[in-house]
Amino acid sequence: MTEFKRAFSLVWDHFTLVTPNKVQCALCSQRLSFNKNTSAMLRHLRSRHPSEAWYSNSTSGAHSSTSNSTSGVHSTFSNSIISSAGVHSSFSGTTGLNSMFTNNAAAGHHIQVRTTRQEDLDDALVNMLVKDTQPFSVVEEEGFAAFVQKLDPSYNLPNKQALKKMVGSRCEFINDNVVSQMVISDFVSLTSDMWTSIDKHSYISVTGHLVAENAQLSTFLLGISKLPENHKVIHIEEAKNQLVASWGLHSRVAAFVTENSDNMVATVQKLGILQLPSFAHVLNLVIKRSMEATLELQDIRSQARAIVSFFKSNQNAEMRLAEVQGQLGRPEQKLIQEVDSRWNSSFSMLERVFDQRESVAAALSTLDTDIIPLGSADYEVIHQCLGVLGSFNQATAELASEKRVSASKVIPLVRMLKITLEKKHGAIIHPTATQLASNLQRELQTSCSMVETEPILALSALLDPRFKMLAFGNQGYAQEAVKLLTSECASLIRINPDKDDTLPPSTTGSTTPPPTSPHTSWAMETASVSMATSPSKSHDGGLWEMFDSKVGETQSVQSSTADAAVEVQHYLSDPYLNRVENPMHYWEKHSKVYPHLFQLARKYLSVPASSVPCERIFTKAGDVFNKKRSCLSMKAVEQIMLLNKGLV
């Protein structure tokens, strides 16, 4: 088997086949899953050993066979644990796949220039199928073929197999782009979630997030894996571990954001990676518990659900509602059904019922139903409670935004929610709304009282030029965050001393003394002694070697801490960025002014506040898994979803 593979890839010069489905890297001894292709090995070499000589040889070899490859870059999971889904990636926030091709060309990858109309139309066809999640079999349907023939008789419509090859080729290009970005990024943040398809199978997906060197926030799909029918924690752990290991990310994950279920928390902790609860899920639980504890509101919600279900399930009732809306001059809007797992769907349901209250009451009065309409007192409760929940609805929407920095918003959002609740609590008259506000205050305090002490959230807020120190309600916690930021900045300066040449010279008046202990204070007192004037080892026989070394170390610590304090204080004294502006634009302009803080911003501002990016994956997967695509392989599903994320 090994000799057979050597004929196609030089990657085998650095790997040994240790079992039929395991290979071992000769450079770092790490073992990877193997399933008759070298893609996982190639990705491992690119991410973990980018400076090795293999790169130039294997890259050209890999690209020379692109035209015959339909698989893209994949990672194969252990067959005894998981049915493999492979690994694909794509960056969101682009202007489409053409920008991916441009980026790869700029990186030196060979890309064939398409010049014929046939190839242009092939591209457009693939775009349509991926964007609209249409099945490949559409090209074999008579009506579609006739339509295409009418549009352009000269176009030769490709078959399913040809389309699959085109998709595989595009995935190769996008994966190369992702690999090149990850190789030059020191830190990546991850999110993960589980979902169930229309055919009742369970899957787990993982997305990655990073801030590139140009200060652009990017999100990409690491992979999707199908889990066994009766999966356990070990299956989830194996899936995540294989994904993280195949990309060489274990030592570079800033945080792994998941929902706070026992299974998710346990699997991330076993990976040895910092787990951060999805704040969107935390907030969802805070609001759901508060609403459930407000009994009168619960009764009204139940009644509203019954009304909405009646109109949704009865076509005549729905048509009658539309007629009444027209007669009353109201906009024709359908009622919104509540989804139990999402509190903001309850908000949307109540808001729509309130807006259409006259139309709903009039329609119900003309229909044969036992449904009892809501009264004026009920609508007053809805109105007052919507006012209390409005700020929470806005916070939830902001946290769900994938293309914006979100982790840095957690601390200021919690603070603003508390302040807003306090103001509304004093102005509310209706007892039900007052009770709801009190419940929200209690739950928010219980779940989020220590949010300002979480290092990742504190540093991300501090590194967001919109918030900085003003994000914190407790200035003691703010000062601790500044000390932590200064310490991390000093560590970077000691590692990369050449990056501080753009900073203003340090002054003793703007620095803070480094921490000392009783065992090292004697060395600190002699820090001003110049090593250039210290006695030579050849003259003292090594008697003072340890002392002179300690002085040198102390001088280095003092210098880096002083320079870090200057960089941090200059940044904090800069004007605040407008809250609606993109903080990454600030760092793009100031990456050379505050080079070490920019590196820390790339780490901490890449952390999302929720696992919503993964939730979007399985929402889109619902369109892919349909009756016409029930036999799709996981490889094909991943490729479709990969390209779908690139087409924005």
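Values in this document were obtained by computation on a predicted structure and should not be read as measured data. (Residues numbered from 1 in each chain as written. Predicted model: local features only at pLDDT ≥ 70, side-chain atom pairs only at ≥ 80, totals over all residues. Heavy atoms only, no water.)

A look at the overall build of the chain
What counts is decided by this rule: Secondary structure elements are defined from DSSP: runs of H or I of at least 4 residues count as helices, runs of E of at least 2 residues count as strands, and each element is numbered from the N terminus. Think of it in three bands: with a 1.4 Å probe and only protein chains considered, a residue is buried below 20% of the maximum accessible area for its type, exposed above 50%, and partly exposed in between. By the convention used here, residues are in contact when the closest approach between their heavy atoms is within 4.5 Å. Surface accessibility in these figures is a Shrake-Rupley result with a 1.4 Å probe; residues are shielded only by whichever protein chains are displayed.
Each helix and strand in the chain was counted, giving 26 helices and eight strands. Every one of the 648 residues in the chain was classed for burial, and the buried ones make up 48%. By sequence separation, contacts in the chain at least 24 residues apart represent 70% of the contacts at least 6 residues apart. In the form shown here, the chain has an accessible surface area of approximately 30,500 Å², with 52% of it arising from carbon and sulfur atoms.

Section: the pattern of salt bridges
Selection criterion: A carboxyl oxygen of Asp or Glu within 4 Å of a side-chain nitrogen of Lys or Arg is what we treat as a salt bridge.
Taken as a whole, this structure holds seven salt bridges when the rule is applied. With its nearest N and O atoms 2.6 Å apart, the salt bridge here joins Glu 338 to Arg 305. Of this pair, Glu 338 sits in the loop between helix 12 (315–327) and helix 13 (343–355) while Arg 305 sits in helix 11 (residues 295–313), and the two are 33 residues apart along the sequence. According to the relative accessible area criterion, Arg 305 is partly exposed, its value standing at 27%.

Some words on the sheet that holds strand 1 (residues 15–19)
Heads up, the condition is: A pair of strands counts as paired when DSSP detects no fewer than two bridges linking them. Throughout, an axis means a line fitted to C-alpha atoms (over the contacting stretch in the case of helices), and angles, computed between N-to-C directions, take values from 0 to 180 degrees.
Here we have three strands laid out as an open sheet, ordered 1-2-3, and antiparallel in their pairing. Edge strands, defined here as strands with exactly one partner in the open sheet, are strand 1 and strand 3 (31–33). When strand polarity is set aside, the average angle formed by the axes of neighbouring strands in this sheet is 35 degrees. Pairing of strand 1 with strand 2 (residues 22–25) involves four bridges; the strand directions are antiparallel. Bridge pairing links Leu 17 to Val 23 in strand 2.

A closer look at the sheet that holds strand 5 (residues 202–211)
One key point about sheets: their strands pair by backbone hydrogen bonds, in either a parallel or an antiparallel sense. Across the sheet, which stays open at both edges, the five strands sit in the order 6-5-4-7-8 with mixed pairing between neighbours. Two strands lie at the open edges of the sheet, namely strand 6 (217–226) and strand 8 (275–277), each paired on one side alone. Averaged over neighbouring strand pairs, the angle between their axes works out to 25 degrees when direction is ignored. Sheet topology places strand 4 (residues 188–196) next to strand 7 (residues 253–258); three bridges connect them, and they run parallel. Each bridged residue has a counterpart across the sheet, and for Thr 191 the counterpart in strand 7 is Val 257.

Overview of the nonpolar core
Quick reminder of the rule: By nonpolar core is meant a set of buried Ala, Val, Leu, Ile, Met, Phe, Trp, Tyr and Cys residues that side-chain atoms within 4.5 Å join together.
Ranked by size, the top nonpolar core spans 94 residues in total, and within it Phe 279, Leu 283, Phe 311, Phe 392, Trp 587 and Leu 597 carry the most contacts. Among the elements that make up this core, the one with the highest residue count is helix 15 (residues 376–399) (ten residues). Ranked by size, the runner-up nonpolar core spans 19 residues in total, among them Ala 212, Phe 220, Val 244 and Ile 273.

What about helix 24 (residues 595–604)?
Among the ten residues of helix 24, ten are classified as buried, and the element is accordingly described as predominantly covered. Of all the residues in helix 24, the buried ones are Pro 595, His 596, Leu 597, Phe 598, Gln 599, Leu 600, Ala 601, Arg 602, Lys 603 and Tyr 604.

Structural notes on the packing of helix 10 (residues 279–292) against helix 15
We apply this condition: What sets the label is the angle itself: under 35 degrees gives roughly parallel, over 145 gives roughly antiparallel, 65 to 115 gives roughly perpendicular, and the rest give oblique. In this scheme the crossing of two helices becomes right-handed for a clockwise turn of the near helix relative to the far one and left-handed for an anticlockwise turn of less than a right angle. Classes in brief: Ala, Val, Leu, Ile, Met, Phe, Trp, Tyr, Cys and Pro nonpolar; Asp, Glu, Lys and Arg charged; the others, Gly included, polar.
Here helix 10 crosses helix 15 at 160 degrees, and the two axes come no closer than 10 Å. Taken together, the axes of helix 10 and helix 15 lie roughly antiparallel to each other. Considering how the two elements wind past one another, helix 10 and helix 15 form a crossing that is left-handed. Of helix 15, the residues touching helix 10 (which contributes Phe 279, Ala 280, Leu 283, Ile 287 and Met 291) are Leu 389, Phe 392, Ala 395, Thr 396 and Leu 399. Broken down by class, the residue content of the contact of helix 10 with helix 15 amounts to nine nonpolar, one polar and no charged.

Notes on unusual backbone geometry
A positive phi angle, near 70 degrees, is found at Ser 29, a position not held by glycine. Relative to the elements of secondary structure, Ser 29 occurs in the loop between strand 2 and strand 3. We classify Ser 29 as partly exposed; its relative accessible area is 48%.

Examining the confidence of the model for the chain
As a reminder, the rule being used: Every residue gets a pLDDT, meaning the predictor's confidence in that residue, from 0 to 100.
Per-residue confidence for the chain averages 75 on the pLDDT scale, and 71% of its residues sit at or above 70. In the model of the chain, helix 20 (residues 521–525) stands out as the element of lowest mean pLDDT, 35, in contrast to helix 18 (residues 455–462), which has the highest, 96. Scored below 50 in pLDDT, residues 53–115 shows 173 contacts in the model against residues more than four places distant or in partner chains. A low-confidence stretch, residues 621–625 (pLDDT under 50), is modelled with 15 contacts involving residues beyond four sequence positions or located in other chains.

Remarks on the pairing of strand 7
Basically, it comes down to this: Whether a crossover is right-handed comes down to one check: with the strands pointing away from the viewer, does the path from the first strand over the helix to the second run clockwise; if it does, it is right-handed.
Counting buried positions over the six residues of strand 7 gives six, a clear majority of the element. Bridge analysis of strand 7 against strand 8 gives three bridges, and the strand direction is parallel. Across the sheet, Thr 258 pairs through a bridge with Pro 277, a residue of strand 8. After leaving strand 7, the chain enters helix 9 (residues 262–270) and then returns to the sheet as strand 8, a path that is right-handed.

What to know about the packing of aromatic side chains
We apply this condition: The rule is short: rings of Phe, Tyr and Trp, with Trp giving its six-membered ring, pair when the centres are within 6.5 Å, and they are stacked under 30 degrees, edge-to-face over 60, tilted in between.
The tally for this structure, following the rule as stated, stands at eight aromatic pairs. Between Trp 587 and Phe 598, the ring centres sit 6.4 Å apart and the planes meet at 35 degrees, which makes this aromatic pair tilted. Of the two residues, Trp 587 sits in helix 23 (residues 583–590) while Phe 598 sits in helix 24, which places them eleven residues apart along the sequence. Note on Phe 598: relative accessible area 5%, which makes it buried.

Overview of the environment of Arg 320
Mapped onto the elements of the fold, Arg 320 is located in helix 12. Sequence separation between Arg 320 and Leu 364 is 44 residues; the distance between their C-alpha atoms is 8.9 Å. Apart from the residues within four sequence positions on either side, Arg 320 is in contact with Gln 327, Ala 363, Thr 366 and Leu 367.

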